[in-house]
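Structural characterization, general
Each chain, written out:
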Protein chains: 2
Amino acid sequence: MHTLVIGLGSMGYGAALSCHRAGLQTSGIDVNLEARDAFAADGGRAIDDINAAGTVDCALIFVINADQAEQVIFESGLLSTLSPHAVIVNCVTLAPSRATAIAERVAHAGFGYIDAPVSGGAAKARAGRMSIMASGHPDHFDHVKPVFDAISEHVFRLGDAPGAGSQMKLINQLLAGVHIAAAAEALNLAAGLKMDLHEVLEVISHCAGSSWMFENRGPHIADGDYTPLSNVNIFVKDLGIVTEEAQQSGIVTPLSETALALYRDAVRQGLGGEDDSAVAKVLAARSGVTLPGVAS
Amino acid sequence: MHTLVIGLGSMGYGAALSCHRAGLQTSGIDVNLEARDAFAADGGRAIDDINAAGTVDCALIFVINADQAEQVIFESGLLSTLSPHAVIVNCVTLAPSRATAIAERVAHAGFGYIDAPVSGGAAKARAGRMSIMASGHPDHFDHVKPVFDAISEHVFRLGDAPGAGSQMKLINQLLAGVHIAAAAEALNLAAGLKMDLHEVLEVISHCAGSSWMFENRGPHIADGDYTPLSNVNIFVKDLGIVTEEAQQSGIVTPLSETALALYRDAVRQGLGGEDDSAVAKVLAARSGVTLPGVAS
């Protein structure tokens, strides 16, 4: 069972490390030399050319977006490295319609495919404890079971149809993106009212206003630390997918649109590469509020 | 230690019951006969006139809004029932400036006051496990300790200044109100995409998109049960306080405003008395989506 992890960003790196630690034969590839060097230093096999991968039984795709996923699956030489029963596990967040189209092309090429977006953040990824929202054929799930066992705490089996995993991720990203912006709005208001932000985090995490994102991203704002674990650009992409998919079905998403406008403003202000909680800086600038660690 | 609970709605009822169960001498009053009868049936002492309360050592205020709180504290005869060291514990969600003004009038009348908004929902209230965001003089906290022990799991002591408790509640309500609307938006989109809403709840509750409100209110939408535990009107009030307080300080709250507009639309559509998750019906109607249990 040779697993190739394509894309060693925060989630892909955690997946590659988890496979390696679980004793699976694991290779990792990334355009970023630093990521490859880090994986090699952690004892993994880092490669810089898919054609040098050898025979691959499971390919885990952890690139940034749908275009990169299509490129890496169909134009990189990947298909020629795959063993006859190989399965491509696509963990990229993309529109359900794109997931379905990619699955069809992979099936046409004769390989297995699982639509498998993930959630949980970088820390859970490194701990082998991601959640996977997955759809695909049961045989393909059987084939990749050792890999899923290595990287995840929860695998949600959402049926056979490709696209079902991506639909669930779409719903998750709607909530995650709105909740980060809501955490930013709440902490910006608290800062404007001269409240102690660490006290706010402590209290609200025990109250009905809490969310996974409030507890996870809130400390970044209270500490003034915008080192990116997941950056603003990702939510411009993901909430863009949410609002486009919704519009195509005539469904209104006013909160997602409001949050997306904030992330887009953050990008315009040069914050695209900062932690997604930097959306708070947009609100602070508009409000004349000074956030911890941010020059006013 | 005779405790009088004024207002036997979902939170006040839970508090009264918890005091009674803890063995404190407890009276409960409400304009609603049903609530009084229920409290009497649960073994409590229900009264319909504050002047019949006898001597009160601790008054817990659980009415709907700031105007009602002022009326019940200053114009109902309450002050003349209070023992010399009595403390008024105001659990109503109100603007911090109103909390400060009420505290000053109570101090002027010679009684103790704790600014003590609560969180946790009806179920936790009945279990004696609310969270209390409280500010006030340490002597007043000492006086009401048996009451707080009876009704709460967490008491967050936020200093001496009245208004600090209400500020924290303001932040909590911002998040709670936005999160309910976000849960409604996410589940409405999921319904529009023909997803199984119970599956969505199960998966997302294990993912980064989860929130206290998503897990608490989401099932109401998935089950199509809008029996009010906390109704739409409350969030029109509370998000109204949030946006007004923010505006007075020049602080922007775009998500709160977007959510507030949805709750106000819900009221216009006659849904003010339904569970706050009924905000989903506003989104569904605009989207041509049929939600479970809702006639399309």
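Residues numbered from 1 in each chain as written. Chains lettered and ligands numbered in written order. Predicted model: local features only at pLDDT ≥ 70, side-chain atom pairs only at ≥ 80, totals over all residues.

As for the overall build of chain A
Let me state the cut-off plainly: Numbered from the N terminus, helices here are DSSP runs of H or I no shorter than four residues, and strands are runs of E no shorter than two. Each residue is represented by a C-beta atom placed from its backbone, and any two residues with such atoms within 7 Å are regarded as in contact.
Helix and strand counts for chain A come out as 13 helices and nine strands. Summarising its shape, the C-alpha atoms of chain A cover approximately 60 × 45 × 35 Å along the three principal directions. Contacts spanning at least 24 positions in sequence make up 67% of the contacts within chain A whose residues lie at least 6 apart.

Considerations on the domain arrangement of chain A
Residues and elements named next belong to chain A. Keep this limit in mind: The start and end points of each domain follow an automatic or database-based domain assignment. Each residue gets one of three labels, nonpolar for Ala, Val, Leu, Ile, Met, Phe, Trp, Tyr, Cys and Pro, charged for Asp, Glu, Lys and Arg, and polar for the others, Gly among them.
Under the domain assignment used here, chain A contains domain 1 (2-161) and domain 2 (166-287). For domain 1 versus domain 2, the separation of C-alpha centres amounts to 27 Å. Listed as interface residues are 14 residues of domain 1 and, on the opposing side, 14 residues of domain 2. Elements with a contribution of two residues or more to the side of domain 1 that touches domain 2: α5 (96-108) and α6 (121-126). By residue class, the composition of the side of domain 1 that touches domain 2 is eight nonpolar, five polar and one charged.

Quick look at the pairing of strand β9 (residues 152-157) of chain B
Two faces, one strand: in a regular strand the side chains alternate between the faces of the sheet. Residue and element names in this part refer to chain B. The criterion, for reference: Two strands are said to pair when DSSP picks up at least two bridges between them. By convention a crossover is right-handed if, when the strands point away from the viewer, the path from the first strand over the helix to the second runs clockwise.
By the bridge criterion, five bridges tie strand β8 (residues 130-136) to β9 in an arrangement that is parallel. Looking at the pairing, Ile 132 lines up with Val 155 of β9. Since β8 and β9 lie parallel, the crossover through helix α7 (residues 138-151) that links them has a hand, and here it is right-handed.

Examining the interface of chain A and chain B
Across the boundary between the two partners, chain A contributes 55 residues, which contact 55 residues of chain B. By residue number, the principal contributor to the side of chain A that touches chain B is helix α8 (residues 164-192) of chain A, which donates 17 residues. Here the side of chain A that touches chain B is built from residues that sort into 32 nonpolar, 21 polar and two charged.

Regarding the relation of the copies chain A and chain B
Here two copies of a chain appear, and what relates them is a rotation about an axis with a shift along it. Let me state the cut-off plainly: Least-squares fitting of one copy onto the other uses the C-alpha atoms of those residues that reach a pLDDT of at least 70 in both copies.
For the pair chain A and chain B, the relating rotation is 180 degrees, the translation along its axis is 0.0 Å, and the fit reaches an RMSD of 0.0 Å. Expressed as a symmetry operation, the mapping of one chain copy onto the other fits a two-fold axis. Identified as the residue of chain A closest to the rotation axis by C-alpha distance is Ser 211 of chain A, at 1.9 Å. Looking at the interface residues of chain A, 100% of them are also at the interface in chain B, so both copies use one shared face.

Regarding the environment of His 20 of chain B
Residues and elements named next belong to chain B. Put simply, the rule is: Counts of 20 or more other C-beta atoms within 10 Å of a residue's own C-beta define buried residues, counts of 12 or fewer define exposed ones, and intermediate counts define partly exposed ones; C-beta atoms are placed from the backbone.
Mapping His 20 onto the fold places it in helix α1 (residues 10-21). Residue classification places His 20 among the buried residues on the basis of 21 C-beta atoms within 10 Å. Residue contacts for His 20: discarding those within four places in its chain leaves Thr 26, Gly 43 and Gly 44.

Digging into the packing of helix α8 (residues 164-192) of chain B against helix α13 (residues 279-287) of chain B
Residues and elements named next belong to chain B. Filter applied, for reference: Interaxial angle, 0 to 180 degrees, is taken between N-to-C directions of lines fitted to C-alpha atoms, where a helix line uses only the stretch in contact. Note that the term roughly parallel is reserved for angles under 35 degrees, roughly antiparallel for angles over 145, roughly perpendicular for angles of 65 to 115, and oblique for everything else. By definition, any crossing whose near helix is turned counterclockwise from its far helix by less than a right angle is left-handed, and any crossing with a clockwise turn is right-handed.
The geometry of α8 relative to α13 is characterised by a closest axis approach of 8 Å and an angle of 40 degrees between their N-to-C directions. In terms of orientation, α8 lies oblique with respect to α13. Like other packed secondary-structure pairs, α8 and α13 cross with a definite hand, here right-handed. In contact with Ile 180, Ala 181, Ala 184, Glu 185, Leu 187, Asn 188 and Gly 192 of α8, α13 contributes Val 279, Ala 280, Leu 283, Ala 284 and Ser 287. The residue makeup of the contact of α8 with α13, split by class, is eight nonpolar, three polar and one charged.

Examining helix α3 (residues 66-74) of chain A
Residues and elements named next belong to chain A. The following threshold applies: Directions drawn from the helix axis to the C-beta atoms are what define this arc.
Taken together, the buried positions of α3 are occupied by Ala 66, Ala 69, Val 72 and Ile 73. Buried residues along α3 cover an arc of 130 degrees about the axis, so they all sit on one side. Contacts made by the buried residues of α3 are with β1 (2-6), β4 (56-61), α4 (78-81), β5 (82-90) and α5.

Remarks on the environment of Ile 88 of chain B
Residue and element names in this part refer to chain B. Residue position: Ile 88 is located in strand β5 (residues 82-90). Between the C-alpha atom of Ile 88 and that of Ile 61, which follows or precedes it by 27 residues, the distance is 7.4 Å. Among all residues touching Ile 88, those that are not within four sequence positions of it are Ala 59, Ile 61, Ile 73, Val 106, Phe 111, Gly 112 and Tyr 113.

Topic: the pairing of strand β4 (residues 56-61) of chain B
All names here are of chain B. Taking burial as the measure, the six residues of β4 include six buried ones, the bulk of the element. In this sheet, β5 lies alongside β4 in parallel orientation, the contact comprising five bridges. Note on β5: the bridge partner recorded for Leu 60 is Val 89.

Side note on the nonpolar core
As a reminder of what qualifies: What we call a nonpolar core is a set of buried Ala, Val, Leu, Ile, Met, Phe, Trp, Tyr and Cys residues whose membership is set by joining through C-beta atoms within 7 Å.
By size, the foremost hydrophobic cluster in this structure holds 226 residues, and its most contacted members are Ala 59 and Ile 61 of chain A together with Ala 59 and Ile 61 of chain B. The residues touching Ile 61 of chain A, leaving out its near neighbours within four places in the chain, are Ile 6, Gly 7, Ala 69, Val 72, Ile 73, Ile 88, Val 89, Asn 90, Cys 91 and Val 92 of chain A.

Things to note about the packing of helix α9 (residues 197-204) of chain B against helix α10 (residues 212-223) of chain B
All names here are of chain B. With their axes 9 Å apart at the nearest point, α9 and α10 run at an angle of 170 degrees to one another. When the interaxial angle is binned, α9 and α10 end up roughly antiparallel. Between α9 and α10, the contacting residues are Leu 197, His 198, Leu 201 and Ile 204 on the first element and Phe 214, Gly 218, Pro 219, Ile 221 and Ala 222 on the second. For the contact of α9 with α10, the class distribution of residues is seven nonpolar, two polar and no charged.

Observations concerning the confidence of the model for chain A
Spelled out, the test is: Each residue carries a pLDDT score, the predictor's confidence in it, ranging from 0 to 100.
On average, chain A scores 97 in pLDDT, and the residues at 70 or more come to 100%. On the interface metric, ipTM, the complex scores 0.94, and its pTM is 0.94.

A word on unusual backbone geometry
You will see that Lys 194 of chain A, though not glycine, has its phi angle at about 65 degrees, which is positive. In this structure, Lys 194 of chain A sits in the loop between α8 and α9 (197-204).

Let's talk about the environment of Ile 171 of chain B
Residue placement: Ile 171 of chain B occurs in helix α8. Along the sequence, Ile 171 of chain B and Val 242 of chain B sit 71 residues apart, while their C-alpha atoms lie 7.7 Å from each other. The residues contacting Ile 171 of chain B, other than those within four sequence positions of it, are Ala 186, Leu 189, Ala 190, Val 200, Ile 204 and Gly 209 of chain A.

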